[in-house]
Amino acid sequence: MTHSTDTLADDRNQRLFERAQALIPGGVNSPVRAFRAVGGTPRFIQRAQGAYLWDANGQRYIDYIGSWGPMILGHGHPAVVEAVQKAALEGFSFGAPTEREVELAEEILRLVPSMEMLRLVSSGTEAGMSAIRLARGATGRPKIVKFNGCYHGHADSLLVKAGSGLATFGHATSAGVPPEVVQHTLVLEYNDVAQLEEAFALHGSEIACVIMEPIAGNMNFVRASVPFMQRARELCTQHGALLVLDEVMTGFRVALGGAQSLYAQQIPGFAPDLTVLGKVIGGGMPLAAFGGPRAIMEQLAPLGPVYQAGTLSGNPVATACGLATLREVARPGFYERLGERTRSLVQGLEGAAREVGLPFCTDSQGGMFGFFLLPQLPQDYPQVLRTDGPRFNHLFHGLLGRGVYVAPALYEACFVSAAHTEEDIEATVAAAREVFAELVRS
Ligand SMILES: *Cc1c(COP(=O)(O)O)cnc(C)c1O
């Protein structure tokens, strides 16, 4: 059975999309929402509650995007709604410090011990960009290393693809970014220890930082291998560069202490120098942060020479939302339960694919998961791109038509929230079983 609304004579999603396209480039305020990768009409969401979204046609979806990560408690959690309502009545923004910023900083620093100080900003892009400026300012060095397939926001110096060899630096992937701006960005392959060693051998004294997603959720779901993470840490320490973990997606999503807490269990003494957070820490409101050791963070204005600022930074409504969210996830057993729910989903999907002989594999951690129409888990971006695009699109639309909303692009992770029930998981697996059968027939 399919519930697709694409053929409805009165399709409100389509009408809204047409209106939006006349006013907003592509009809959207962030590109992946436009469904360009998968085709079709984006769903205009009217409201959400718990694990569900409703679109402009009143169609319900089980939501595995969760606003691309923040909605770890599901939508409209009563304690969070109450905190936001109360904060809104007290004032939207003051441009002056508040007690709640201090409380949120205390809560985050308590839960992520590698950070001694942090600064709050409004988006992950801003946090990543500021962390890099701080790394450059603190080390006095120009160059940064990033990895192919990792996303750290849309700052100029990060919109780069690899050059033709390790001796050459990257090329901008966006128009409007002059070559001079990316000449200090070196792009390497994820999980490639030898390439990272070579890059440090060639440029070590000029590298300010290595920035990476510890579990790369912007190439679906690819873990940094333990040897890769360990070697990155050692090389940064040896050469005086900073290791910056971008945990905008993984922070408070894969474990209470972020992905870094998982690597610290396997690599003795492991900690990043700087951590970048976003998404879950705002609980769905615009909020992000970056932080690290006191000596580095005190390089920031007004104490130090590295400038950084923001009119809405530490916004009182956003901090109320983030604080209420973090208080819920910090309850004992939260991530164990979330991880079990996510595993039961991915195991159900794997089982359904196996029944029909579809090449399929998955990985998950906490409330984050990925799936690939591939026989084995990829280790880097070129391997992720081996997924057959048209097949993924068939899977996406097959699920969407059956009321299951996963990321509309094969290089994006998906998310389970605390509001997803075992019945939601079963309904999802049942929908996937039907679509998988179509995929092997087509
Ligand atoms: C989402 C994301 C960002 C960018 O955050 P925005 O709030 O969208 O600017 C940066 N890094 C990672 C790892 C992300 O997943």
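About the thresholds
Residues numbered from 1 in each chain as written. Predicted model: local features only at pLDDT ≥ 70, side-chain atom pairs only at ≥ 80, totals over all residues. Heavy atoms only, no water. Helix = DSSP H or I, 4+ residues; strand = E, 2+ residues; numbered from the N terminus. Rg over C-alpha atoms; globule rule 2.2 N^0.38 Å. Buried < 20%, exposed > 50% of the residue type's maximum accessible area, 1.4 Å probe, protein only. Contact = heavy atoms within 4.5 Å. Lys, Arg positive; Asp, Glu negative; His and termini not counted. Charge placed at Lys NZ, Arg CZ, Asp CG, Glu CD. Domains from an automatic or database assignment. Buried area = accessible area lost by both parts, 1.4 Å probe. Salt bridge = Lys/Arg side-chain N within 4 Å of Asp/Glu carboxyl O. Polar contact = N/O pair within 3.5 Å; in protein donor to acceptor, adjacent residues only side chain to side chain. Nonpolar A, V, L, I, M, F, W, Y, C, P; charged D, E, K, R; others polar. Core = buried A, V, L, I, M, F, W, Y, C linked by side-chain atoms within 4.5 Å. Pairing = 2+ DSSP bridges. Axes fitted to C-alpha atoms, helices over the stretch in contact; angles between N-to-C directions. UniProt positions renumbered as here; feature names shortened; annotations may be inferred. Phe/Tyr/Trp six-rings, centres within 6.5 Å; stacked < 30°, edge-to-face > 60°. Parallel < 35°, antiparallel > 145°, perpendicular 65-115°, else oblique. Expected span 1.5 Å × (residues − 1).

## Quick word on the overall build of the protein chain
Part 1: Per the secondary structure count, the protein chain includes 14 helices and 18 strands.
Part 2: Taken over C-alpha atoms, the radius of gyration comes to 22 Å for the protein chain, in line with the 22 Å a tight globule of 442 residues would show.
Part 3: Considered along the principal axes of its C-alpha atoms, the protein chain spans approximately 60 × 55 × 45 Å.
Part 4: Relative to its full complement of 442 residues, the protein chain shows a buried share of 55%.
Part 5: For the protein chain, long-range pairs separated by at least 24 residues make up 72% of all intrachain contacts whose partners lie at least 6 apart in sequence.
Part 6: Counting 35 positive and 43 negative side-chain charges, the protein chain places the centres of these two groups 2 Å from one another.

## With respect to the domain arrangement of the protein chain
Part 1: For the protein chain, the domain assignment lists domain 1 (12-76 + 333-441) and domain 2 (78-329).
Part 2: Of note, the centres of domain 1 and domain 2, computed from C-alpha atoms alone, are 26 Å apart.
Part 3: Taken together, the contacts link 32 residues of domain 1 with 31 residues of domain 2.
Part 4: Ranking the residues of domain 1 by area buried against domain 2 places Y335, Q365 and M368 at the top, with a combined share of 25%.
Part 5: Applying the counting rule to domain 1 against domain 2 returns one salt bridge.
Part 6: Where R223 meets D363, a salt bridge forms, and the shortest distance between an N and an O atom there is 2.7 Å.
Part 7: Across the domain 1-domain 2 interface, the total number found is 13 residue pairs in polar contact (both at pLDDT 80 or more).
Part 8: When residues of the side of domain 1 that touches domain 2 are traced back to their parent elements, those giving at least two are α11 (334-356), β15 (361-365), β16 (368-372) and α12 (381-384).
Part 9: The leading source of residues in the side of domain 1 that touches domain 2 is β16, at five residues.
Part 10: Residue composition of the side of domain 1 that touches domain 2, grouped by class: 21 nonpolar, eight polar and three charged.

## Here's the deal with the nonpolar core
Part 1: Y64, F147, Y190, M212 and F252 are the most contacted members of the largest nonpolar core, which has 110 residues in total.
Part 2: At eight residues, the largest contribution of residues to this core is made by α11.
Part 3: Both domains that furnish three or more residues to this core are identified here as domain 1 (12-76 + 333-441) and domain 2 (78-329).
Part 4: Setting aside residues no more than four positions away along its own chain, M212 makes contact with F147, H152, Y190, A224, F228, M229, A232, L243, V244, L245 and D246.
Part 5: Formed by 22 residues, the second largest nonpolar core is a distinct cluster that contains L134, V244, A288 and V306.

## Comments concerning the sheet that holds strand β4 (residues 117-121)
Part 1: Ordered in space as β4-β14-β13-β12-β9-β5-β8, the seven strands form an open sheet in which the pairing is mixed. Looking at strand neighbours, the two that pair on one side only are β4 and β8 (185-188), the edges of this open sheet. In this sheet, adjacent strand axes meet at a mean angle of 20° when their direction is disregarded.
Part 2: Strands in contact with helix α7 (residues 226-239) are β5 (143-147), β9 (207-212) and β12 (242-246); relative to β12, the strand with the most contacts, it is inclined by about 140°.

## With respect to the UniProt feature "modified residue: N6-(pyridoxal phosphate)lysine" (unreviewed entry) in the protein chain
Part 1: UniProt records the feature "modified residue: N6-(pyridoxal phosphate)lysine" (unreviewed entry) for K279 in the present numbering.
Part 2: Tracing the backbone shows K279 in the loop between β13 (274-277) and β14 (288-292).
Part 3: Not counting chain neighbours up to four residues away, the residues in contact with K279 comprise W68, G69, P70, V248, M249, G284 and L287.

## Some thoughts on the packing of aromatic side chains
Part 1: If you walk through the whole model with that rule in mind, you get 15 aromatic pairs.
Part 2: Seen in terms of ring centroids, F360 and F436 are 5.0 Å apart; in terms of plane orientation they differ by 55°. Their pairing is tilted. Pair noted here: F360 is in the loop between α11 and β15 and F436 is in helix α14 (residues 422-441), with a separation of 76 residues, a long-range link.
Part 3: Taking the relative accessible area as the measure of exposure, F436 reaches 1% and is therefore buried.

## What to know about the packing of helix α6 (residues 193-203) against α7
A pair of packed helices is characterised by two quantities: the angle between their axes and the separation of those axes.
Part 1: With their axes 10 Å apart at the nearest point, α6 and α7 run at an angle of 10° to one another. Our classification of the angle between α6 and α7 gives roughly parallel. The segment α6 lies against α7, with V193, L196, E197 and F200 engaging P227, F228, R231, A232, L235, C236 and H239.
Part 2: Among the residues forming the contact of α6 with α7, the class breakdown is eight nonpolar, one polar and two charged.

## What to know about the sheet that holds β16
Sheet strands associate in pairs through backbone hydrogen bonding, adopting either a parallel or an antiparallel arrangement.
Part 1: Judged by pairing direction, the sheet is antiparallel, and its three strands sit side by side in the order β15-β16-β18 without closing on themselves. Every interior strand has two partners, whereas the edge strands, β15 and β18 (414-415), have only one.
Part 2: Relative to β16, β15 is paired through five bridges, and the arrangement is antiparallel. From the neighbouring strand, T362 faces β16, where its bridge partner is F371.

## Observations concerning the environment of I211
Part 1: Secondary-structure assignment places I211 in strand β9.
Part 2: Sequence separation of I211 and I144 is 67 residues, and the distance between their C-alpha atoms is 7.5 Å.
Part 3: The contact partners of I211, leaving out residues within four places of it in the chain, are I132, V145, K146, F147, H152, V244 and D246.

## Remarks on helix α4 (residues 124-139)
Part 1: For α4, spanning 16 residues, the distance from its first C-alpha to its last is 22 Å, which sits close to the expected 22 Å at 1.5 Å a residue.
Part 2: Of all the positions in α4, only T125, E126, A127, G128, S130, A131, I132, L134 and A135 are classed as buried.
Part 3: At the exit of α4 stands G140, carrying a positive phi of roughly 70°.

## Digging into unusual backbone geometry
Apart from glycine, the bulk of residues carry a negative phi angle, and the bulk of peptide bonds sit in the trans form.
Part 1: Cis geometry marks the peptide bond from A301 to P302; its omega dihedral reads 10°.
Part 2: With respect to the helices, strands and loops of the structure, P302 is situated in the loop between α9 (294-297) and α10 (316-329).
Part 3: With a phi close to 60°, S67 is a non-glycine residue in the positive phi region.
Part 4: The residue S67 is located in the loop between β3 (60-63) and α2 (78-90) in this model.

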